Amino acid sequence: MLTVAQALEIVLANAVPLPTQMMLLGPDVLGCVLAEDVASDIDLPPFDKAMMDGIALRSADVRTGEAELTIIEEIPAGKTPTKTVGALQAARIMTGAPIPTGADAVVMIENCTIDGDKVRVKEPRIKPRLNILDRAKEMRVGEIVLRAGARLRPQEMGLLAAVGRTSVKLQAAARVAVAPTGDEIVPADVKPGPGQIRNSNGAMLLAQVARAGGAPTFLGIARDEATHLRKLVTEGLLYDVLILSGGVSAGKLDLVPGVLAELGVEALFHKVVMKPGKPVLFGVVRSGKVKDARNKLVFGLPGNPVSSLVCFELFVRPAIRKLMALDPGPSWVNAKLARDFPYRTDRPTYHPAQLQLTDAGWTIDPTAWFGSPDLRGILSANAFVLLPEGDHHHRAGDNLMALNVENE
Ligand code: AMP
Ligand code: MG
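In short, a report on the structure. (Residues numbered from 1 in each chain as written. Chains lettered and ligands numbered in written order. Predicted model: local features only at pLDDT ≥ 70, side-chain atom pairs only at ≥ 80, totals over all residues. Heavy atoms only, no water.)

Describing the pairing of strand β7 (residues 89–93)
In step 1: Pairing analysis gives four bridges linking strand β5 (residues 54–57) to β7, with the strands arranged antiparallel. Looking at the pairing, G54 lines up with I93 of β7.
In step 2: In this structure, strand β6 (residues 66–75) lies alongside β7, joined through five bridges in parallel fashion. Looking at β7, one finds that T70 is bridged to Q89. (Pairing = 2+ DSSP bridges. Helix = DSSP H or I, 4+ residues; strand = E, 2+ residues; numbered from the N terminus.)

Written as structure tokens, this is what we have:
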């Protein structure tokens, strides 16, 4: 049986960044990765620009720290100056407006007293270029301002607009299909009958896909019946990643492994030494049974909600992130145990916990929890502490690794 680290290595080796795509810039591409170098089509600022509301003047006229000047023009932002500022002359200027020829400094309006076309200026710290942002100080026309690989944050989006880009080549979001399986699973808007259980994995996994940066699609609940499962899997293989939950262990009605094999999905692992989890399947489409499905990735996650959630964070999220050329993670934190915590387990166990940054560094505090079906029990957790196999009396202050699941 594989360790988590070995299994993750197999997943990452099979997740190859998706082809790039020209996309319109809008809030929906926030977080995507740029797939081209971007050059500016203009100087920025395009002209020497006033950084303050005030008086544009010749600094030499205020050498003593004081001067009385004649205002020859008013220049609001958006207007081009028409006059040259000569000796003992000045222009009233607004933030963002172009500096008129002749002027080499702007004195802020708070240091000026205006009376008709006369202005008294008091500025003891005058020097050339005061309050002026020089043309092309930020960037020159033709200069590369963003490199391929940059992740689009709000500031990158603003800069792309500043250099005239409304569309750009991006690493597209991975398209991810989600299909829970199980005859006992009913949609959330149905009151469960005898033996039935609501579909919490669907809502949870779709949200995990979105949080990882992928584009989620819900395919529906697959019945524990080969024909129906085959139909949903065939549809799911049109996406970059297919996530199934449930039906993946060795029970009589666990049809997932067989149906996947039948449709050309080669299982690269089916069991990982971990808790919760263990039956977790990862496969890649090798043969061409389903059209255009080659190299598509398939995950069969265990049905219990917390197992599903943990396996997603350990294996699926890294795959989605790598397809999108993002840092795959997962993100591990070395933390000190907040209290004594004796724990006995036969497999390395991911136990829900509160991860916190304190004055003494990261601390981790396991939360009360009764096992893999207990989704409510992990509401107060923001991480999973990794507890090694065996019978251990973990003590307050011991160092343990924690899986941080709340990154963005
Ligand atoms: P399975 O892996 O199919 O044997 O399912 C294991 C357990 O997880 C069973 O008790 C299921 O009822 C439960 N389970 C499976 N799928 C879901 C789901 N989509 N939402 C909530 N619980 C589920
Ligand atoms: Mg089942």
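What about unusual backbone geometry?
In step 1: With an omega of -10°, the peptide bond between L44 and P45 qualifies as cis.
In step 2: By the secondary structure assignment, P45 is in the loop between β3 (38–39) and β4 (49–50).
In step 3: Cis geometry marks the peptide bond from G329 to P330, where omega comes out at -5°.
In step 4: Positioned with a positive phi, A136 is a non-glycine residue whose angle comes to about 65°.
In step 5: A relative accessible area of 8% places A136 in the buried class.
In step 6: Its identity as a non-glycine residue notwithstanding, N295 has a phi of 70°, on the positive side.
In step 7: Relative to the elements of secondary structure, N295 occurs in the loop between β20 (279–285) and β21 (297–301). (Buried < 20%, exposed > 50% of the residue type's maximum accessible area, 1.4 Å probe, protein only.)

Description of the nonpolar core
In step 1: By size, the foremost hydrophobic cluster in this structure holds 45 residues, and its most contacted members are I243, F299 and F315.
In step 2: Contributing elements (two or more residues each) for this core: α1 (4–14), β14 (175–180), α3 (200–212), β18 (241–245), β20, β21 and α6 (305–323).
In step 3: The dominant element in this core, judged by the number of residues it contributes, is α6, at 11 residues.
In step 4: Each residue touching F315, except ones within four places of it in the same chain, is listed here: V4, A7, L8, V11, V272, M274, V280 and F299.
In step 5: One finds A179, L229, L232 and L263 within the second-largest nonpolar core, a separate group that totals 22 residues. (Core = buried A, V, L, I, M, F, W, Y, C linked by side-chain atoms within 4.5 Å. Contact = heavy atoms within 4.5 Å.)

So, α1
In step 1: Those residues of α1 not exposed but buried are V4, A7, L8, V11, L12 and N14. Buried positions in α1, seen along its axis, are confined to an arc of 165° and lie on one side of it. Summarising the geometry of α1, the exposed residues directed more than 90 degrees from the buried face are A5, E9 and A13. (Arc of directions from axis to C-beta.)

Focus: the site of ligand 1
In step 1: Taken together, 14 residues lie around ligand 1, and E184, N199, G247, G303 and N304 are the ones closest in.
In step 2: Interatomic distance of 2.8 Å between a backbone N/O atom of G247 and an oxygen atom of ligand 1.
In step 3: Within the backbone of G303, an N or O atom sits 3.2 Å from a nitrogen atom of ligand 1.
In step 4: For ligand 1, the protein covers 78% of the area, taking 480 Å² as the surface of the free molecule.
In step 5: Of the residues belonging to the shell around ligand 1, the class tally is four nonpolar, eight polar and two charged. (Near = heavy atom within 4 Å. Polar contact = N/O pair within 3.5 Å; in protein donor to acceptor, adjacent residues only side chain to side chain. Areas by Shrake-Rupley, 256 points an atom, 1.4 Å probe, with all protein chains shown as cover. Nonpolar A, V, L, I, M, F, W, Y, C, P; charged D, E, K, R; others polar.)

Examining the sheet that holds β18
In step 1: With mixed pairing, the six strands of this open sheet are ordered in space as β17-β14-β18-β21-β20-β19. A strand with exactly one partner marks an edge of an open sheet, and here the two such strands are β17 (215–218) and β19 (265–271). Going across the sheet, the axis of each strand differs from the next one's by a mean of 20°, ignoring polarity.
In step 2: Pairing analysis gives five bridges linking β14 to β18, with the strands arranged parallel. Bridge pairing links V176 to V241 in β18. (Axes fitted to C-alpha atoms, helices over the stretch in contact; angles between N-to-C directions.)

Regarding the packing of aromatic side chains
Aromatic ring pairs are reported here in terms of the distance separating the ring centres and the angle at which the planes meet.
In step 1: Counted according to the given criterion, the structure contains five aromatic pairs.
In step 2: Ring plane angle 15° and centroid distance 5.6 Å describe the contact between F341 and Y343, whose orientation is recorded as stacked. (Phe/Tyr/Trp six-rings, centres within 6.5 Å; stacked < 30°, edge-to-face > 60°.)

Comments concerning the packing of α1 against α6
In step 1: Across the interface, α1 lies against α6 with an axial gap of 9 Å and an inter-helix angle of 30°. By the angle between their directions, the pair α1 and α6 is classed as roughly parallel. Crossing handedness for the pair α1 and α6: right-handed. Here α1 contributes V4, A7, L8, V11 and L12 to the contact with α6, which in turn contributes L314, F315, P318, A319 and K322.
In step 2: Looking at the contact of α1 with α6 residue by residue, the classes come out as nine nonpolar, no polar and one charged. (Parallel < 35°, antiparallel > 145°, perpendicular 65-115°, else oblique. Left-handed = near helix turned anticlockwise from the far one by under 90°.)

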